[in-house]
Amino acid sequence: MLIRATTARMLLRRFTGADLDDLAALHGDPEVMRRIDDGRPVPRPVVENETLPALLRGYEELPPGEGCFAAVQRDTGEFLGWFALAPAGSTGLNGGTELGYRLRPVVWGRGLATEGARELVRLAFTELGADRVVATTMTVNTASRRVLEKAGLRHVRTFFEEWPEYIEGAEHGDVEYALTREQWLRTAP
């Protein structure tokens, strides 16, 4: 198990093929996916044949230290979700190191998203040499917006994209958040 980071309550480690069931359950959860991509759960065969293989390839293809990492509870090993750092690739982002995360609804509201996001922001600036960390979410996703703010990112703009399918709340647009190395250094503990 290659551990990427440790927080007070979580280990962030590389995914393996043994994580298929947990990843399929996470991406197949309607509540998790309702404001991501097309707003629909991802079928297990897609996770098995596309999503998980892409995550595993990322460890070889992305810059060292970047990728998507399984978040597990430190004391029990329970799968909680994932956190990611990679070159920005989401619609509406232009450059920077993108922060992303998805957690199981049963652990929402416990501060785990903020804990993991803060650790990856720290790693981005201290180990990966990032100049700017960016993230995006739907404007109506107030919980994710709050996590990004608690992790130190600042609202940059609201933008509107043409999406192939309507997702509830899309009429309010999406938001970009960002934090530069200089900003982080001024406020880092």
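Residues numbered from 1 in each chain as written. Predicted model: local features only at pLDDT ≥ 70, side-chain atom pairs only at ≥ 80, totals over all residues. Heavy atoms only, no water.

**Student:** What's the story with the environment of E98 in this structure? I'm lost.
**Tutor:** Tracing the backbone through its elements, the reader meets E98 in strand β5 (residues 97-103). Each C-alpha atom of the pair E98 and P63 lies 13 Å from the other, and the pair is 35 residues apart in sequence. Here G89 takes part through its backbone nitrogen, which lies 2.9 Å from a polar atom of the side chain of E98. A polar atom in the side chain of E98 sits 2.4 Å from the side chain of S90. (Helix = DSSP H or I, 4+ residues; strand = E, 2+ residues; numbered from the N terminus. Polar contact = N/O pair within 3.5 Å; in protein donor to acceptor, adjacent residues only side chain to side chain.)

**Student:** Is there a simple way to think about the pattern of salt bridges in this case?
**Tutor:** Think of it this way: side chains of opposite charge can pair up when their charged atoms draw near. Going through the model one piece at a time under the given rule, you end up with 11 salt bridges. Between R104 and E78 there is a salt bridge, and its shortest N-O distance comes to 2.8 Å. Linking R104 in the loop between β5 and α4 (112-126) with E78 in the loop between β3 (67-73) and β4 (79-87), this pair joins segments that are 26 residues apart in sequence. Taking the relative accessible area as the measure of exposure, E78 reaches 32% and is therefore partly exposed. Salt bridges sharing partners connect three or more residues here, namely R132, R157 and E176. (Salt bridge = Lys/Arg side-chain N within 4 Å of Asp/Glu carboxyl O. Buried < 20%, exposed > 50% of the residue type's maximum accessible area, 1.4 Å probe, protein only.)

**Student:** Would you mind going over the side chain of R4 with me for this structure?
**Tutor:** Relative to the elements of secondary structure, R4 occurs in strand β1 (residues 3-6). On the basis of relative accessible area, R4 is assigned to the buried category, the value being 18%. Polar contacts involving the side chain of R4 include one to the main-chain carbonyl oxygen of G65, which spans 2.9 Å. Those residues in contact with R4 that sit more than four places away from it in its chain are L12, R13, G65, F69, L123, E127 and L128. (Contact = heavy atoms within 4.5 Å.)

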